[in-house]
Amino acid sequence: LNSDWTPKRLHLKLSQIKKVISSKGKGKPELLALQEVENENVIRLLAKELGYSNWIVSESPDRRGIDLAILYIESSSLKKIGSFEHELKDGYFNKRPSRNILEGHFLINGKYDLAIYVNHWPSQGNPTRARVAAAKKLKSLIEKRLNERPKGAVLAVGDFNILPYESPHPVKKIFLSSNSMQDVHEVFMNG
């Protein structure tokens, strides 16, 4: 909880992030999901550095200040409709709070719904059951959203902190168990 951040180190970090993002193609993405965000002030500085004027930031109960954010470019083709935070709750999280799941709703081209769920699941320093609880929460949120808006698109992104040998595997055995969702990374790699 004690930090050695200085204005000089913060500026270096922001410029390094800008360098990486600007090297990945033509211009900046319209939507950019982030994990391990210190606070809204840092997001404001990063948004300015990257040229974004809109953002959503979570305010998780994790006292370390490692939250989530979505930077976005609002335009005639992309409009924010709303945002929500979802706290992970069960007996385990009462003693060791984790990051919330950040949900952003957008309208694309005035007619297509997009819900983005930004995640930073409990690290490997926590038992598998903590990531299983996060997977169950995310799955229930997405299923509810798809029931309300069956033609809407959904994207779950973030740091899921999973390892291939976890049992039960939070993504494969819990989150993807119903065949209603796909692991886009896996589809791309096997494509």
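Note that this is a predicted model, so its numbers are computed, not measured. (Residues numbered from 1 in each chain as written. Predicted model: local features only at pLDDT ≥ 70, side-chain atom pairs only at ≥ 80, totals over all residues. Heavy atoms only, no water.)

Visitor: Teacher, can you tell me more about the environment of Leu-163 here?
Guide: When you line up the elements, Leu-163 lands in the loop between β7 (153-159) and α5 (170-175). With 39 residues separating them in the primary sequence, Leu-163 and Gln-124 have C-alpha atoms 8.4 Å apart. (Helix = DSSP H or I, 4+ residues; strand = E, 2+ residues; numbered from the N terminus.)

Visitor: So what exactly am I meant to see when it comes to the nonpolar core here?
Guide: If you look at the biggest cluster of nonpolar residues, it comprises 21 residues, and the most contacted ones within it are Phe-93, Ile-101, Tyr-117, Trp-121, Leu-138, Ile-142 and Phe-175. Looking at this core, the elements with two or more residues in it are α3 (91-95), β6 (112-120), α4 (128-148) and α5. Here this core gets eight residues from one element, more than from any other, and that element is α4. Non-local contacts of Phe-93, meaning those with residues more than four positions away in its chain, are made with Leu-88, Ser-98, Pro-122, Ala-130 and Ala-133. Of all hydrophobic cores here, the second largest spans 13 residues; its members include Ile-43, Tyr-52, Ala-69 and Leu-71. (Core = buried A, V, L, I, M, F, W, Y, C linked by side-chain atoms within 4.5 Å. Buried < 20%, exposed > 50% of the residue type's maximum accessible area, 1.4 Å probe, protein only. Contact = heavy atoms within 4.5 Å.)

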